[in-house]
Amino acid sequence: MKRLTGLVGACVALVAFLALWAGSASAIEDPPFADDDATTPISGPLDFRDQSATTNVTECPQAGLRDTNPKPLDRRSKDETEKKSEAGGDIRANQDYSCFPQDETAIDQNPKVARNLLAGANDYRLGWGTSGFYASTDSGNHWYDGITPFPSLPSGDNLDGGGDPVVIFDHDGVAYYAQINFNRTDDTSGVWVNRSTNGGFTWTRPCVATGPTEAAAVCGGAGDVRQPGDGTVGFIQDNDRVLNGSVPAFDKEWLTAGPRPAGVSATCFTPFTHSPIACNSEVIGSDRLYATYSLFSAAGSAQIFLSYSDDQGRSWSAAKKINGAGSFCAAGGRPGNGCEDNQGSQPTVNPTTGQLWVGFINGDTTDEDQYLVVTSQDGGNTFTGPVRVDTLYDVNEPRGVNGRTDCVARGQGSTRAVPTNSCFRFDPIFNSIVADKRGGAFADDVYAVLADNRNGTIRNSNNDVFFYKSTDGGATWIGPTRVNDDTSTMPANRDCGRNTNSIGGNSALCPAAGTGNDQFFPFVTINKSGDLNVSFHDRRLDTDSPIGSGAWPASKTEEGNYLVWYWGAQCTITQTATVTQTTSGPVPAGAKQCVAPEAVVNPTVVTGFNPGAGPIPGNGQNSSTLPFQNFQISDVGTNWDYSFRAGLFAGDYSGNAAGPTVTGDSEQTFAFFTDARNGRGSGTPTTTQPGRNPVCEQSDVFFDRFTAQGGGKKHADEKGEKADSDFLVAPCPAGIKDKKQG
Amino acid sequence: MPAVLCAALVVGCGSSSGGISSADAKNLVLRASDLPAGFAPFADGPTASLDTQGTARADLQRFGRQGGWVMRLKREGGASQTGPLVVVSTVDVFSGSGGAKSDLEAYARDFARQVDTGLAKRVAVRNLGDDAVAARVAGPGAGSSFLIAWRKRNATASVTASGLAGKLTLSDVLALARRQEAKLARAA
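1. Quick notes on the nonpolar core
Item 1. Ranked by internal contacts, the top residues of the largest apolar core, which has 50 residues, are Phe467, Val483, Leu532, Val534, Phe628 and Trp640 of chain A.
Item 2. Contributions of two or more residues to this core are made by strand S21 (446-452), strand S22 (464-470), strand S24 (519-526), strand S25 (531-538), strand S26 (565-572) and helix H6 (725-728) of chain A together with strand S1 (40-46) and strand S3 (86-94) of chain B.
Item 3. Membership of the second largest hydrophobic core comes to 29 residues, among which are Leu73, Ile148, Ala161 and Leu184 of chain B.

This is how it looks when you write it as structure tokens:
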């Protein structure tokens, strides 16, 4: 990824402009493709933070609720889309009637009380982005929901913009909710962790400590009983009250819990300098919490930092930069080959040893991005790596700057990746990594899933989900194994129309024929039996939606590949064998489980660092011999053009959880995903809403559960239907607007 | 080139003398009533960071910018619909005409970049504001867009219209731009 050229470069181009525009376009020499830098963009909640969400409806479709709460008065009649959306077993988790969106999901299961599930999502019910929680104590049949308390600031104000939700339980069943919070009108931001001891129904309110000294620190005014700094992982106050990037910005945090490694004792910290102090024994957690996040600053865009907590999130260690350096980051031009252009970190811990891994994407590359992993065996105090897992082929996605001007017209950022036929943010900035849950020979096994467009082009996106495994502690990676088993063939020229080493280009130079449909936002979990569960959004069932159809005909330029379902894929690992860096070529037999026949050891070595458009591992894998058993999760395929702001955003990731045995049932896996089955378009007869959010657009968050192996059994309510015309175009029902507002 | 000189070039070439007020920005973009029947707004508000993300105009404080507005409108239409399906009308107001000139130059850089990649073709636009630049973008498949940007004293404005290839003409879009220019002229 190229770096922002900067003011001097911009100035040169500016001076050259007049002559250029009066003369030949060929006079451009290396135009300042400043947007190349944005291939690792900030998260969606930040992208939209200075846009004001409005709506002018007081009723809207509500399919999927299974609750027993009082129901609103309702003047609507259900349309066919809503009736079809009620079919099947998906359960809506958000209980609100706000007609605003929920998206970007995470879920976990209480290891102490298996029927207790906790989920999180970006939640716009208040009219702006906040962090919603959804809790169930009956295995997901019914849900209680709300917005997590906002952190309090030294100024006495609340930081009420939120997003990037992560929910986890520690081994004692204490729940944690990590998120970014930010101001919408300036650069103030931070990372916080709320805590709940009743299964996610009641949450602490984090605070940023204030006071003259550490000893005299307080949370708020007189009588504030909170521990100073409770839940504050990191915080930076803006210095000029303008949204202009004048101070570093926190983004895309993730959280995990795991035992302190042998020899590592619990440590607690002061609120200002994060100096070690003795812990109050009453609040030492069974696990160490690890929070990682991106910090966008002049030093890198962005660096990955880690803090940990041994007192259930009350105090946090000083931020430690963990992204490291490597020869594969040399293209970034940083001192010492530092890997400083990162995003989408996720920590994961082996629960028997406490070894920690953190995966993240990196853009210090010549062209396509890469996925890196670092590891720590001493509780996050020191790290080794990074190790390069593989190239992440996410630069060759459709974007405004390579032909998707239709999306720019709808309000999408011009460098944001979008899928063919739609305009929602598509940048695969968050991929997923998970450590094996077992000890012994499995204790250093770790797995990752990445989604990228290696089988598509900037005209016809065909993102696939790829699985990688390491059996030597993350030093050596085996893959890629395509997880989705639909038809996906190799394009003749993956880089057709794309400028050399650039996100810019001309997609009209690519063939009209596509090579497959998109799978995206993958998440991987594994249970104690070795059942791998991958879930992802999937457009495979839409093979025939016509060109020029849908909510935005000018965007629907290719046949099919439009409506979105949620799918799962399963494979079980019961044996392992250590495969090291010295191994090359075929995968040794003992490590072959859940590996495609075409996968290799060290795929990066096979492809080379900057492989260009030629064949690469992951191209042309035979669908009939892929090891993951695929199955449909969501009941219906919905139209993400109806998700949020002209279909520009439906989250950056979707989570799942593979938990322990539920009493009276087999081992279960849980999916928690967003879809737009209750979203509707603007247009007649309700065309007059002047706000920034079209009438009736919304998305909701849905839950489903299924057995952890065998292809999602106990889950036969999905019919695998093709694109349904009632979801291609779903007009806003008549008469739902607030009558007094016209 | 020294950054100081560049900065001087960007912000020092002009001053406001009773020009367009940023307080009027909301009224200087196209409205549904300015467009053919059937158009409705789907976005209407002050310029946000995502509206200019990834462009040479991404900094909302650029060139002494004081404010701006974005209106996005769409209409229903299938494969037979002639004229624009989506129209985006914007205005940005600067403290002086120099800022507006720099902003138009930034527009031109973005257009030139697309021309350089073969994504767009330059099109000539005359007698629109004080200066104007325009391009036609022929995307993959059935899509087609025209982008017109111009300067009026201390403000820049733009109209982007998207429709179906062969059914959207420059004159369709230019007519809309002239309608918006009339609003700017009245405010200047």
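2. Side note on the environment of Met71 of chain B
All names here are of chain B.
Item 1. Within the secondary structure, Met71 is located in strand S2 (residues 65-74).
Item 2. You can call Met71 buried: its relative accessible area is 2%.
Item 3. Ignoring anything within four residues of it in the chain, the contact list for Met71 reads Val29, Leu30, Arg31, Pro41, Ala43, Asp44, Val87, Val88 and Ser89.

3. Quick notes on helix H2 (residues 97-116) of chain B
All names here are of chain B.
Item 1. For H2, which comprises 20 residues, the first-to-last C-alpha distance of 28 Å matches the rise-based estimate of 28 Å (1.5 Å per residue) to within 8%.
Item 2. A large share of H2 lies buried, amounting to 18 of its 20 residues.
Item 3. Backbone geometry just after H2 places Gly118 at a positive phi near 85°.

4. Re the sheet that holds strand S27 (residues 600-601) of chain A
Residue and element names in this part refer to chain A.
Item 1. Taken in spatial order, the five strands line up as S20-S21-S22-S23-S27 in an open sheet, and their pairing is antiparallel. The sheet is open, and its two edges are formed by strand S20 (432-435) and S27, each paired on a single side.
Item 2. Pairing between S21 and S22: seven bridges, direction antiparallel. Following the sheet pairing, Leu450 is matched in S22 by Phe466.

5. Examining the sheet that holds strand S17 (residues 356-362) of chain A
Residue and element names in this part refer to chain A.
Item 1. Read from one edge of the open sheet, four strands run S16-S17-S18-S19, paired in antiparallel fashion. The sheet is open, and its two borders are formed by strand S16 (342-349) and strand S19 (384-392), each paired with just one other strand. Direction aside, neighbouring strands of the sheet carry axes that sit 20° apart on average.
Item 2. Where S16 meets S17, six bridges bridge the pair, whose relative direction is antiparallel. Within the sheet, the bridge partner assigned to Thr348 lies in S17 and is Trp357.

Conventions and cut-offs
- Residues numbered from 1 in each chain as written.
- Chains lettered and ligands numbered in written order.
- Predicted model: local features only at pLDDT ≥ 70, side-chain atom pairs only at ≥ 80, totals over all residues.
- Heavy atoms only, no water.
- Core = buried A, V, L, I, M, F, W, Y, C linked by side-chain atoms within 4.5 Å.
- Buried < 20%, exposed > 50% of the residue type's maximum accessible area, 1.4 Å probe, protein only.
- Helix = DSSP H or I, 4+ residues; strand = E, 2+ residues; numbered from the N terminus.
- Contact = heavy atoms within 4.5 Å.
- Expected span 1.5 Å × (residues − 1).
- Pairing = 2+ DSSP bridges.
- Axes fitted to C-alpha atoms, helices over the stretch in contact; angles between N-to-C directions.

Any link to function would need more than the numbers given here.
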